[in-house]
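Summary of the model geometry
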Amino acid sequence: MVLLPAVVPQLVEKRSELVPARLARKVAPLFGVPFDHNPFHPLTWVCDFTAITVSEIARGAPLPTRAAAARLRGERHDGEWFVHDRAVLPGDRGALPNEIVAATINRFGPDTKAAIVLTATNVLLAPVADAIRTALGMLRTADGGELAPVQWIAAWAATAVEVYRSQPALVSAALTARMIQRASLSAPQFPLAPGISEQARARCEIGAAPAGRAFDPVTHPKDLEFLDGIAAARLNASGILPENSTGEPAGSAAGVGDRMVDQLIGLFVEMGTRDGVAHIWVTERVPGQELVCAMVPSSGIVRELVETWAYGRASLPRPDEFGDALADAMAAPFRLPRPAELAGVPLLARRAFVLAAMGIVRQMGLLAPSAWLAGPEFADLVTSLSDLLDQVFEPEDPVVVDTRLRLAVQRTGAERHAGRSTPASAAAVMAAADACLEAGAADRIDPGLLADLLAVACIELNALRSAGSDRPEVGTSLRRYWAAFAKAVEVDLFAGDGEYGGLSFQLHNYAAFLGANKGSAEDLRAALHLFTTSVIPARTRLYNQDRDIRPLARSCYLAADAASGLASLLTDSGEDVEAAQWVRQAHAWVRRVLADPLYEPRRLRPSLDNCMFALRAAPVLVQAVEYGVAENPAENAAQADELVRLVERWLKETTDGAVEQSGYRSVLADLRTRLSALGFPG
């Protein structure tokens, strides 16, 4: 069961909605959306928009190849229809059920195929779009005002990503259709010179039709409603200036909101490529019923939009050299509706509200200051949202399973921002992950969502191990969850060279788990295999595309951490030559990261992410000096000292000076001892 599913219309009361509803019933099964009243039930297909024909859409089923049709011609087949190589052909009666005639289809344009797919998709997703509008309208600031744009974007984008994830084939086809329709309906508006402006113009010439003429949005659509109809207008109007003394805002045909929508669409399109951030695959859960499952890292996608708005489209002011206006904008609690108010809206709207609220909460966890995340306001927000789930949903609703896991992760993340962790935190994440496994086994959540939730749980549990919660049951559970993850996405993670495109993000985290097992040379070698053959090459390609060093940097310094650990084990067993090789490789990876200005030690602020880098990089630098492989020992030791000081400063800020209670205390003490031996007593 997906969270925000397309809804196939059955009974239609308005005559104007009859044809769009018929189109929706034809388009749905062709793009992986099953429904019980499909005349060819349980069959569904995952069609390629560029390959499917208008005739096939009108039939609601694929045609056979010409060669197959010629072979089958003249054969007798009982019943209304039969299947040959997944194509559907009419039986002896000569026609398929409820075919749409050409005269009806040809009313749509300018590109007939694109128009009918876009219209049908808007019908199928209309209940979801209405649910998102309702949900966003219920989100208000603590004092009842409108959300700041960065929070509103986080809320809307989180729901939009889930719409895509719930039916990727349908939305992908609609995105292609939208692009074609927009290009076809946007004629050039070249002004005519005064000397020819009064002359007659041929029907097809520029200037023959009045500028800005309106097209019927049903037969000549250009918008995908859950994207354009919700976000573009809202963001286009955000913060704009009046055009004249009347105070009316100055709008534009393509404003900042349209560009934000286009950016999200670009991210959707990229997700299906070799180096996309999502893992999307075609599978069959019922014989003959093919559909698409998707595991989508929505937080990263939403973060990209939020950061674009903050630092690109509508740059937030920076209060001072060290300030972060985006962090401050995200660190603002919002008001939740009363349980009775939320319970009074339809189920899809309730789910959309929780997804939207969690979209903001998850960006808070990524972007808000550590001190705020460790404080009472964030804790109260997380607790209140958890309580709301109990009051307005059935316990087995898939959004409850999803949100319970993510809230458990946010609580543990807040503890880590405070520089501490408790055994109860790991236990809560494992209990929520086990509930996800149960829901997946009962088909209450789809494989893509299950895989994403398991990856989220594994990432947090591995972070807890790094923070000192390295209990045996955590490691055992992690192995079990990663095995279940591989089963959910239907791949062998260690087959061949490990190149799985959209799984590189998850393989990064699986390698990080293996690399954290410092006492197992087997696990460390497996981690380094994944890093070197799949993760770092894939993230290098990603860096070459967008020039964002952060994903590649994380993989490099975690790979360095694993290589450093393997070198220590090899040294203990007397294998000094191979140990030195891994020390050099670890050092090279860390130097690669430090070479980027974003990771210069003197420029790093005391935040959780920066300190996680420092805790991995500093030991590698010290080890390189100790093994004599660093070209400039003094510089490396000095940088390690700066990184340790950064962590010490962060812990003092987040623990109110109680550094001795932190799980990182022993690591820092060991580093201080080693640095003192190198002439940096601290």
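Each value, and the rule that gives it
- Residues numbered from 1 in each chain as written.
- Predicted model: local features only at pLDDT ≥ 70, side-chain atom pairs only at ≥ 80, totals over all residues.
- Heavy atoms only, no water.
- Helix = DSSP H or I, 4+ residues; strand = E, 2+ residues; numbered from the N terminus.
- Rg over C-alpha atoms; globule rule 2.2 N^0.38 Å.
- Buried < 20%, exposed > 50% of the residue type's maximum accessible area, 1.4 Å probe, protein only.
- Contact = heavy atoms within 4.5 Å.
- Areas by Shrake-Rupley, 256 points an atom, 1.4 Å probe, with all protein chains shown as cover.
- Lys, Arg positive; Asp, Glu negative; His and termini not counted.
- Charge placed at Lys NZ, Arg CZ, Asp CG, Glu CD.
- Axes fitted to C-alpha atoms, helices over the stretch in contact; angles between N-to-C directions.
- Parallel < 35°, antiparallel > 145°, perpendicular 65-115°, else oblique.
- Left-handed = near helix turned anticlockwise from the far one by under 90°.
- Nonpolar A, V, L, I, M, F, W, Y, C, P; charged D, E, K, R; others polar.
- Salt bridge = Lys/Arg side-chain N within 4 Å of Asp/Glu carboxyl O.
- Disulfide = S-S within 2.5 Å.
- Expected span 1.5 Å × (residues − 1).
- Pairing = 2+ DSSP bridges.
- Phe/Tyr/Trp six-rings, centres within 6.5 Å; stacked < 30°, edge-to-face > 60°.
- Lys NZ or Arg CZ within 6 Å of the ring centre and 35° of its normal.

What follows concerns the overall build of the chain. Within the chain one finds 27 helices and six strands. Computed over its C-alpha atoms, the radius of gyration of the chain comes to 28 Å, within 12% of the 26 Å expected for a compact globule of 682 residues. Counting over 682 residues, the chain shows a buried share of 53%. For the chain, restricting intrachain contacts to residue pairs at least 6 apart in sequence, the fraction spanning at least 24 positions comes to 72%. When the accessible surface of the chain is split by element, carbon and sulfur atoms take 53% of a total near 29,800 Å². Looking at the chain, you have 66 positive and 80 negative side-chain charges, and the mean spots of the two groups are 3 Å apart.

Any two packed helices are characterised by how steeply their axes cross, that is the angle between the axes, and by the distance between the axes. Interaxial distance between helix H17 (residues 398-417) and helix H18 (residues 423-441) falls to 9 Å at its minimum, and their mutual angle equals 160°. The pairing of H17 with H18 is recorded here as roughly antiparallel in orientation. Two packed elements cross with a definite hand, and for H17 against H18 that hand is left-handed. Every residue of H18 that contacts H17 at Val401, Arg404, Leu405, Ala408, Val409, Thr412 and Glu415 is listed here: Ser425, Ala428, Val429, Ala432, Ala433, Ala435, Cys436 and Ala439. Of the residues contributing to the contact of H17 with H18, the split by class is eleven nonpolar, two polar and two charged.

A full pass over the atoms with the stated rule returns 32 salt bridges. For aspartate 443, the salt bridge identified is with arginine 285, shortest N-O distance 2.0 Å. Linking aspartate 443 in the loop between H18 and helix H19 (447-466) with arginine 285 in strand E4 (residues 279-286), this pair joins segments that are 158 residues apart in sequence. Note on arginine 285: relative accessible area 36%, which makes it partly exposed.

It is worth spelling out the environment of leucine 381 at this point. Positionally, leucine 381 belongs in helix H16 (residues 376-392). In sequence terms leucine 381 and arginine 303 are 78 residues apart; their C-alpha atoms lie 20 Å from each other. Leucine 381 has contacts with Phe334, Val361 and Met364, leaving out every residue within four places of it along the chain.

Our next topic: the state of the cysteines. Linking two cysteines covalently via their sulfur atoms produces the bond known as a disulfide. Throughout the structure, instances matching the rule amount to zero disulfides. The thiol of cysteine 458 is not disulfide-bonded; the next cysteine sulfur, from cysteine 436, is found 11 Å away. The class of cysteine 458 is buried, set by a relative accessible area of 2%. For the unlinked cysteine cysteine 556, the closest cysteine sulfur is that of cysteine 611, found at 20 Å.

Another aspect to go through is helix H21 (residues 504-515). Taking 1.5 Å as the rise per residue, H21 with twelve residues should run 16 Å; its terminal C-alpha atoms sit 16 Å apart, in good agreement. Of the positions making up H21, those classed as buried are Ser504, Gln506, Leu507, His508, Asn509, Tyr510, Ala511, Ala512, Phe513, Leu514 and Gly515.

Once that is clear, we can look at the pairing of strand E5 (residues 289-295). The buried count for E5 comes to six of seven residues, which makes it a mostly enclosed element. Once E4 ends, the chain turns through two residues before running back antiparallel as E5, passing glycine 288 with a positive phi of about 85°.

Axis separation between helix H14 (residues 347-367) and H17 bottoms out at 11 Å; the angle between their running directions is 15°. As the angle between them shows, H14 and H17 are arranged roughly parallel. Judged by the sense of rotation from one axis to the other, the crossing of H14 with H17 is left-handed. The segment H14 lies against H17, with Arg351, Val354, Leu355, Met358, Val361, Arg362 and Gly365 engaging Pro398, Val399, Asp402, Thr403, Arg406, Leu407, Gln410 and His417. The class makeup of the residues in the contact of H14 with H17 is seven nonpolar, four polar and four charged.

Turning to the pairing of E4, a few remarks are in order. On any regular strand, side chains alternate: one points to one face of the sheet, the next to the other face. Pairing geometry for E4 and E5, over seven bridges, is antiparallel. Within E5, the position partnered with histidine 279 by the bridge is methionine 295.

Within the fold, proline 339 resides in helix H13 (residues 339-343). The residues contacting proline 339, other than those within four sequence positions of it, are Leu388, Gln391 and Val392.

In this section: the packing of aromatic side chains. Under the counting rule described, the total for this entry stands at nine aromatic pairs. Ring centres of phenylalanine 40 and tryptophan 81 lie 5.0 Å apart, and the angle between their planes is 85°; this geometry places the pair in the edge-to-face category. Remark: tryptophan 81 occurs in strand E1 (residues 81-84) and phenylalanine 40 occurs in the loop between helix H1 (18-30) and helix H2 (54-59); sequence separation between them is 41 residues. Measuring from ring centre to ring centre gives 4.9 Å for tryptophan 482 and tyrosine 510, while their planes differ by 35°; the resulting arrangement is tilted. Here tryptophan 482, found in helix H20 (residues 472-489), pairs with tyrosine 510, found in helix H21; they are 28 residues apart in sequence, far enough to count as distant. Here a set of aromatic residues connected by ring pairs shows up, and it is made of Trp482, Phe485, Tyr510 and Phe513. Looking at arginine 350, its charged tip hangs above the ring of phenylalanine 393, at a distance of 5.9 Å from the centre.

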